[in-house]
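# Remarks on the overall topology
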Amino acid sequence: MRNLIRYSSILLMFLMFSCGENTEKKSEKNSTEEAQTETETQESEKDVILFFGNSLTAGMGLEPSEAFPALIQNRLDSLDYDYEVINAGLSGETTASGKNRINWVLNQDVDVFVLELGANDGLRGIPLEETRKNLQDIINTVKEKNPKTKIVLAGMQIPPNMGEEYTTEFRNIFPELAEENNLQLIPFLLEGVAGDPKLNQQDGIHPTAEGYEIVADNVWSVLEDVVEKE
């Protein structure tokens, strides 16, 4: 019992003596750790590639890991590019709803913006001038938000259901906008996939996992000249 009392007294004296010193050291340690954490966070921040589109970007009917944005992330990682891919695809998105959503999406810093919208407009027969204007408004918003953001436009085509004139003018919207705005253009996102039953799901519109491998190649053929290896 005497030993226990003696031990307690020594411990109390030690605590009284070292309390101020430990508090100061702990404060210094916390400050150092916070600084290190902040530095590590800054160093670990990656440039962002944001894919902004509809169900074709979202990967409707498949696992997110099978959609082409995820495949692009895999390719970037395998080639040691320091980029983070964000899939901002939303099924059913039109250019009008995309224009309404764009400001919210751009709350984060985006280094490369890939615009994939318009297919739903074409399938619904939306007036071509409306589609063109909405796409231009989205492009303008991205440029105003950050003039340094690199923009890639994904070209789209639709079946001839709406008539040859509409179909042709719809297809021309994308290369014309790309030229007018000095953007990189993916000539046709679904090149080599559209119309092939083996590469599309039962709806005949959305690619299978195998089809998305080809779509990813189409995207990468343009994107590889846009990204930078640090």
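See the structure printed just above.
The following refers to the structure shown.

Another aspect to go through is the environment of Phe 170. Mapped onto the fold, Phe 170 is located in helix H7 (residues 164-181). Residues Phe 170 and Gly 118 lie 52 residues apart in sequence; the distance between their C-alpha atoms is 8.8 Å. Ignoring any residue separated from it by four or fewer positions in sequence, one finds Phe 170 in contact with Gly 118, Ala 119, Gly 122, Leu 128, Met 156, Gln 157 and Ile 158.

A word on the side chain of Asn 218. When you line up the elements, Asn 218 lands in helix H8 (residues 209-223). When its relative accessible area of 16% is taken as the criterion, Asn 218 is described as buried. There is a polar contact of 2.9 Å between the side chain of Asn 218 and the backbone oxygen of Glu 191. Residue contacts for Asn 218: discarding those within four places in its chain leaves Ile 186, Phe 188, Leu 189, Leu 190 and Glu 191.

Our next topic: unusual backbone geometry. Look at Asp 80: it is not a glycine, yet its phi comes out positive at around 65°. Locating Asp 80 in the fold gives a position in the loop between helix H3 (68-78) and strand S2 (83-89).

Here we come to H7. Look at H7: 26 Å from first C-alpha to last across 18 residues, which is about the 26 Å you get at 1.5 Å a residue. The axis of H7 is deflected most strongly, by about 30°, at Ile 173, and proline Pro 175 appears within four residues downstream. Here H7 has its buried residues at Tyr 166, Thr 167, Phe 170, Ile 173, Phe 174, Leu 177, Ala 178 and Asn 181. In this structure, the buried side of H7 is in contact with helix H5 (119-124), helix H6 (128-145), strand S4 (150-154) and strand S5 (184-186). The positive-phi residue at the C-terminal boundary of H7 is Asn 182, with phi of around 55°.

What counts and what doesn't
- Residues numbered from 1 in each chain as written.
- Predicted model: local features only at pLDDT ≥ 70, side-chain atom pairs only at ≥ 80, totals over all residues.
- Heavy atoms only, no water.
- Helix = DSSP H or I, 4+ residues; strand = E, 2+ residues; numbered from the N terminus.
- Contact = heavy atoms within 4.5 Å.
- Buried < 20%, exposed > 50% of the residue type's maximum accessible area, 1.4 Å probe, protein only.
- Polar contact = N/O pair within 3.5 Å; in protein donor to acceptor, adjacent residues only side chain to side chain.
- Expected span 1.5 Å × (residues − 1).
- Bend = angle between axes of the 7 residues up to and from the residue.

By themselves these figures say nothing about function.
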